[in-house]
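Summary of the model geometry
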Amino acid sequence: MNQIQVKVLQHLLDLYEKSKTFLEINKVSQSFSVPVGRLFPRYKDDSEYDLFCHVNESLEELESLSFVFLEREKNGTLKKAVLNQEKLDECYKALGRTPRKEEQARIAEFWDELCLECRKIEGRLQPLWDYIEAQKERMAGNKNIEYYEQDLEDYRDLLKLATAALTNEQETFIRTLSIQLFADSKRLEQLAPRLKTLLFRYGEYGDKDSVLEECGIVQTPTYVMMKGNARLHLGTQKIDLSQLEGDLALSTSSLKELRQVEVLGERIVTIENLTTFHEFPSGSDFVVYLGGFHNKVKREFLLFLYKQNSHVEYRHFGDIDAGGFYILEHLKRKTGIPFMSLLMDRKVLEEYQESTLPLTANDRRRLQALYDELTRQVAERTAVEDYRDTLAYMLEQGGKLEQEVVNCH
């Protein structure tokens, strides 16, 4: 079949598969047609005679196969092509296209297999189950399956990767996991954009770009940077950070040797941005560089800290914008640690008013959503900290502030 014939048949089958006739709920008979001039805008252009002839010949061949009926103008120009519904099977076969009902049945069967295979770890796979339930509803309404690109094997790979990401228990390199799952070092990176979008939408992740990191799937080893008033018991050694001028970075493998962290002061501070981490005077604080939304390794380190030092105060210092506050809430939700903000209040905004940046429409939307969520928490008495005054001031003044502007000395 040539490109013109394929384009016409594909279009007609698309119309059929989106119809009530396809769902078998239509009470009257439907026909499916497409104006030739709409699919081929230059068809009626007098200067395009060769195209005119090619379209005519191509569609007349489809008519001779009884795939379509052609309606003509009085001058012989083709008006529209109408699908012959008695030849549906032949049309699908000619295109090498899988009928939508058959495709849907295969997908549903795959979902059932996946649910049966992973039933023992159901809780950890909740985002995947939520996704599948949402797709079953879409399928029942004859809507397209999200993140499915008309290739079942590709789709299997995507959900296989989603399962591996959600059940991953240790830091794993992207290429290593890709080889383990697909025997192809680059396959995971090909699937990553869709995976991130899927898990971000149906899971609880702070930022779409950090989804893989939050699942412990990384390009390079994670390093946790720390400094200040604490003593580390690392293997058989003791390291007194309070005696160091700078900071210390521990890799994932080094963290496995960590036996204890004695916080010698009364406060642990996490910091969003690297420049501020270096400039922040630790004094009596124990300071940890977060680097935006925390990942699996940093989350486990914070939980390790909290288990041994639940008596101290936990603070987070980040940008005074929607992202900064979302990182704070993400910290609290994912770790269960009662973090409160530090240098992220109205007073700081007023002091650095001249350095604020204007809010975007998206900033306003996110800040308002956060304000509403905080209002709910306050009403339910589950809020760790009520900083609605700061959010309201930002919305009123229309400004936000980058962390690096604030003098933390």
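Rules of the game
- Residues numbered from 1 in each chain as written.
- Predicted model: local features only at pLDDT ≥ 70, side-chain atom pairs only at ≥ 80, totals over all residues.
- Heavy atoms only, no water.
- Core = buried A, V, L, I, M, F, W, Y, C linked by side-chain atoms within 4.5 Å.
- Buried < 20%, exposed > 50% of the residue type's maximum accessible area, 1.4 Å probe, protein only.
- Helix = DSSP H or I, 4+ residues; strand = E, 2+ residues; numbered from the N terminus.
- Axes fitted to C-alpha atoms, helices over the stretch in contact; angles between N-to-C directions.
- Left-handed = near helix turned anticlockwise from the far one by under 90°.
- Contact = heavy atoms within 4.5 Å.
- Nonpolar A, V, L, I, M, F, W, Y, C, P; charged D, E, K, R; others polar.
- Expected span 1.5 Å × (residues − 1).
- Polar contact = N/O pair within 3.5 Å; in protein donor to acceptor, adjacent residues only side chain to side chain.
- Parallel < 35°, antiparallel > 145°, perpendicular 65-115°, else oblique.
- Salt bridge = Lys/Arg side-chain N within 4 Å of Asp/Glu carboxyl O.
- Phe/Tyr/Trp six-rings, centres within 6.5 Å; stacked < 30°, edge-to-face > 60°.
- Pairing = 2+ DSSP bridges.
- Arc of directions from axis to C-beta.

Grouped together as the largest cluster of nonpolar side chains are 54 residues, with contacts concentrated most on Val261, Phe286, Phe301, Leu305, Phe317 and Phe325. Counting 39 residues, the second largest nonpolar core, distinct from the first, contains Phe110, Cys118, Tyr148 and Leu177.

So, on to unusual backbone geometry. The backbone of Gln150 shows a phi angle near 60°, a positive value even though the residue is not glycine. You can see Gln150 is positioned in the loop between helix H7 (126-140) and helix H8 (152-167).

This brings us to the packing of helix H15 (residues 322-335) against helix H17 (residues 361-379). The geometry of H15 relative to H17 is characterised by a closest axis approach of 9 Å and an angle of 35° between their N-to-C directions. The chirality of how H15 crosses H17 is left-handed. Along the contact surface, H15 presents Ala322, Gly323, Phe325, Tyr326 and Glu329, while H17 presents Asp363, Arg366, Leu367, Ala369, Leu370 and Gln377. Class assignment for the residues of the contact of H15 with H17 results in six nonpolar, two polar and three charged.

Looking now at helix H6 (residues 100-117). Taking 1.5 Å as the rise per residue, H6 with 18 residues should run 26 Å; its terminal C-alpha atoms sit 26 Å apart, in good agreement. Buried positions along H6 lie against helix H1 (3-17), helix H2 (20-23), helix H5 (88-95), H7 and H8.

This part takes up the side chain of Asn295. The residue Asn295 is located in the loop between strand S12 (286-289) and helix H14 (296-308) in this model. Reaching out from Asn295, the side chain makes a polar contact with the side chain of Thr222 at a distance of 3.2 Å.

So, on to the packing of H7 against helix H10 (residues 187-202). Orientation of H7 relative to H10, taken along the N-to-C sense of each, is 90°, at an axis distance of 9 Å. The angle between H7 and H10 falls in the class roughly perpendicular. Facing Pro127, Asp130, Tyr131, Ala134 and Gln135 of H7, the residues of H10 in contact are Leu198, Leu199 and Tyr202.

Applying the stated criterion across every chain yields a total of 29 salt bridges. Between Glu204 and Arg333 there is a salt bridge whose closest N-O contact spans 3.3 Å. In this pair, Glu204 is assigned in the loop between H10 and helix H11 (211-214) and Arg333 in helix H15, connecting sequence segments 129 residues apart. Of the residues examined, Glu204 reaches a relative accessible area of 48% and is grouped as partly exposed. Arg333 sits in the partly exposed class, given a relative accessible area of 44%. Here Glu350 makes a salt bridge to Arg346, at a shortest N to O gap of 3.0 Å. Residue Glu350 and its partner Arg346 are both found in helix H16 (residues 346-351); the two are separated by four residues, about one turn of the helix. The exposure class assigned to Arg346 is partly exposed, which follows from its relative accessible area of 30%.

Let us now look at the packing of aromatic side chains. The description of two aromatic rings rests on the distance between their centres and on the angle between their planes. Evaluation of the coordinates by the stated rule reveals 13 aromatic pairs. Arranged with centres 6.2 Å apart and planes meeting at 50°, the rings of Phe280 and Phe317 form a pair that is tilted. Of this pair, Phe280 sits in the loop between helix H13 (274-279) and S12 while Phe317 sits in strand S13 (residues 313-317); the two residues are 37 residues apart in sequence, bridging distant segments of the chain. The same class applies to Phe280 and to Phe317, which are both buried.

Right, let's get into the sheet that holds strand S7 (residues 230-234). Read across the sheet, three strands follow the order S8-S7-S10 without closing on themselves; strand pairing throughout is antiparallel. The open sheet terminates on both sides in strands that have one partner only, identified here as strand S8 (237-240) and strand S10 (258-263). Pairwise comparison of adjacent strand axes, ignoring direction, gives a mean angle of 15° for this sheet. Note: S7 against S10, five bridges, orientation antiparallel. Bridged to Arg231 within S10 is Glu262.

Moving on, we get to the environment of Leu342. By the element assignment, Leu342 lies in the loop between strand S14 (340-341) and H16. Taking relative accessible area as the criterion, Leu342 reaches 11% and is therefore assigned buried. Filtering out sequence-adjacent residues up to four positions away, Leu342 remains in contact with Arg267, Val269, Phe280, Arg315, His316 and Phe317.

We now examine the pairing of S8. Along any regular strand, the residues point their side chains to alternate faces of the sheet. Two strands pair when backbone bridges link them, and S7 and S8 are joined in this way by four bridges, in the antiparallel orientation. Note that in S8 the partner of His233 across the bridge is Lys238.

Right, let's get into the sheet that holds S14. Spatial strand order, S9-S6-S12-S11-S13-S14: six strands in an open sheet with mixed pairing. Unpaired on one side and paired on the other, strand S9 (248-251) and S14 mark the two borders of the sheet. Note: strand S6 (residues 223-228) against S9, four bridges, orientation antiparallel. Along S9, the bridge assignment pairs Met226 with Leu248.

A word on helix H9 (residues 174-182). Restricting attention to buried positions, one finds in H9 the residues Ile174, Leu177, Ser178, Leu181 and Phe182. For H9, the buried positions fall inside an angular range of 105° around the axis, keeping them on one side. Summarising the contacts, the buried residues of H9 are in contact with H8, strand S4 (172-173), H10, H11 and strand S5 (217-218). In the segment just after H9, Ala183 is the residue with positive phi, at about 55°.

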